[in-house]
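# Summary of the model geometry
Each chain, letter by letter, is given below.
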Amino acid sequence: VNSLGARNLLIECAFPNKLSKLAEDSYHLIPEILSGQIANFKGDGTVYIINTKPAFLDEVREEIKGLMDSRVKFFPVGDEIRI
(Lines give C-alpha, C1' and ligand atoms only; values in the text may rest on other atoms or scores of the structure.)
Protein backbone atom coordinates (compact mmCIF):
# COMPACT_ATOMS: atom_id res chain seq x y z
CA VAL A 1 0.00 0.00 0.00
CA ASN A 2 2.81 2.40 0.84
CA SER A 3 4.41 1.89 -2.58
CA LEU A 4 1.13 2.92 -4.22
CA GLY A 5 1.16 6.29 -2.46
CA ALA A 6 -2.23 5.76 -0.80
CA ARG A 7 -3.31 8.60 1.48
CA ASN A 8 -6.23 6.81 3.12
CA LEU A 9 -6.82 3.20 4.04
CA LEU A 10 -9.92 1.05 4.46
CA ILE A 11 -9.17 -1.96 6.65
CA GLU A 12 -11.43 -4.39 8.41
CA CYS A 13 -11.39 -5.30 12.07
CA ALA A 14 -14.17 -7.79 12.67
CA PHE A 15 -13.62 -9.09 16.20
CA PRO A 16 -12.24 -8.04 19.60
CA ASN A 17 -8.87 -9.32 20.81
CA LYS A 18 -10.45 -12.03 22.96
CA LEU A 19 -11.65 -13.76 19.77
CA SER A 20 -8.20 -13.95 18.17
CA LYS A 21 -8.55 -17.66 17.30
CA LEU A 22 -11.87 -17.12 15.52
CA ALA A 23 -10.44 -14.10 13.70
CA GLU A 24 -7.39 -16.07 12.59
CA ASP A 25 -9.46 -19.06 11.45
CA SER A 26 -11.80 -16.80 9.44
CA TYR A 27 -9.06 -14.50 8.05
CA HIS A 28 -10.19 -11.39 9.93
CA LEU A 29 -8.27 -8.86 11.99
CA ILE A 30 -8.44 -7.98 15.66
CA PRO A 31 -7.27 -4.65 17.12
CA GLU A 32 -3.97 -6.13 18.31
CA ILE A 33 -3.04 -7.29 14.80
CA LEU A 34 -4.53 -4.18 13.22
CA SER A 35 -2.19 -1.98 15.24
CA GLY A 36 0.82 -3.50 13.47
CA GLN A 37 -0.78 -2.96 10.09
CA ILE A 38 -1.52 0.67 10.91
CA ALA A 39 1.97 1.28 12.25
CA ASN A 40 3.39 0.21 8.88
CA PHE A 41 1.04 2.47 6.90
CA LYS A 42 2.82 5.69 5.93
CA GLY A 43 -0.17 7.54 4.50
CA ASP A 44 -1.04 10.88 6.05
CA GLY A 45 -4.80 10.51 5.63
CA THR A 46 -7.41 8.54 7.52
CA VAL A 47 -7.41 4.86 8.37
CA TYR A 48 -11.05 3.79 8.20
CA ILE A 49 -12.14 0.69 10.11
CA ILE A 50 -14.81 -1.35 8.34
CA ASN A 51 -16.61 -4.70 8.70
CA THR A 52 -16.75 -4.82 12.50
CA LYS A 53 -19.32 -7.40 13.57
CA PRO A 54 -22.26 -5.53 15.14
CA ALA A 55 -22.29 -7.71 18.27
CA PHE A 56 -18.71 -6.62 19.04
CA LEU A 57 -18.75 -3.01 17.83
CA ASP A 58 -18.52 -1.34 21.25
CA GLU A 59 -15.78 -3.69 22.43
CA VAL A 60 -13.73 -3.28 19.25
CA ARG A 61 -14.15 0.52 19.43
CA GLU A 62 -12.74 0.54 22.96
CA GLU A 63 -9.79 -1.65 22.01
CA ILE A 64 -9.02 0.48 18.97
CA LYS A 65 -9.10 3.65 21.09
CA GLY A 66 -6.13 2.15 22.89
CA LEU A 67 -4.09 2.27 19.67
CA MET A 68 -3.65 6.03 20.22
CA ASP A 69 -3.45 6.77 16.49
CA SER A 70 -5.36 9.91 15.56
CA ARG A 71 -5.70 8.73 11.94
CA VAL A 72 -8.06 5.88 12.92
CA LYS A 73 -11.82 6.33 12.53
CA PHE A 74 -14.73 3.96 12.08
CA PHE A 75 -16.30 4.26 8.64
CA PRO A 76 -19.96 5.23 9.17
CA VAL A 77 -22.47 2.49 8.33
CA GLY A 78 -24.37 3.40 5.19
CA ASP A 79 -21.81 5.91 3.89
CA GLU A 80 -20.38 5.50 0.42
CA ILE A 81 -16.98 6.10 -1.12
CA ARG A 82 -16.64 7.20 -4.71
CA ILE A 83 -13.45 6.13 -6.40
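Residues numbered from 1 in each chain as written. Predicted model: local features only at pLDDT ≥ 70, side-chain atom pairs only at ≥ 80, totals over all residues. Heavy atoms only, no water.

## What about the packing of aromatic side chains?
Spelled out, the test is: In summary, the pairing rule links any two rings of Phe, Tyr or Trp, Trp by its six-membered ring, whose centres are within 6.5 Å, and it sorts them by plane angle into stacked for under 30 degrees, edge-to-face for over 60 and tilted for everything else. Where helices and strands are cited, they refer to DSSP runs of H or I of at least four residues and of E of at least two residues respectively, numbered from the N terminus. A simple rule labels every residue: compare its accessible area, found with a 1.4 Å probe on the protein chains alone, to the largest value its type can have, and call it buried under 20%, exposed over 50%, or partly exposed in between. Each ring is checked for a lysine NZ or an arginine CZ that lies within 6 Å of its centre and within 35 degrees of its normal; such an atom marks a charge sitting over the ring.
According to the stated counting rule, one finds two aromatic pairs in the structure shown. Relative to F56, the ring of F15 lies with its centre 5.9 Å away and its plane at 65°, an arrangement referred to as edge-to-face. Note that F15 is positioned in the loop between β1 (9-12) and α1 (20-25) and F56 in the loop between β2 (47-50) and α3 (57-65), a separation of 41 residues in sequence. On the basis of relative accessible area, F56 is assigned to the partly exposed category, the value being 21%. Residues Y48 and F75 carry aromatic rings whose centres are separated by 5.5 Å and whose planes lie at 90° to one another, so their mutual orientation is edge-to-face. Of the two residues, Y48 sits in strand β2 while F75 sits in the segment after β3 (72-74), which places them 27 residues apart along the sequence. The positively charged end of R61 is found above the aromatic ring belonging to F74, 4.4 Å away from the centroid.

## Structural notes on the side chain of T46
Structurally, T46 is set in the loop between α2 (31-40) and β2. Take T46: its relative accessible area is 16%, and that puts it in the buried class.

## Section: the sheet that holds β3
Selection rule: When DSSP finds two or more bridges between two strands, those strands count as paired. Lines are fitted to the C-alpha atoms to define the axes, a helix being fitted only along its stretch in contact, and any angle between axes, read from their N-to-C directions, falls within 0 to 180 degrees. In what follows, residue pairs with any heavy atoms lying within 4.5 Å of each other are defined as contacts.
Spatial ordering of the open sheet is given by β1-β2-β3, a layout of three strands whose pairing is parallel. The open sheet has two edge strands with one neighbour each: β1 and β3. Between one strand and the next, the sheet's axes are offset by a mean angle of 35°, whatever the strand orientation. Two elements, β2 and β3, share three bridges in a ladder whose sense is parallel. Note on β3: the bridge partner recorded for V47 is V72. Strands in contact with α2 are β1, β2 and β3; relative to β1, the strand with the most contacts, it is inclined by about 165°. Packing of α3 onto the sheet brings it into contact with β2 and β3, and relative to β3 it is tilted by some 170°.

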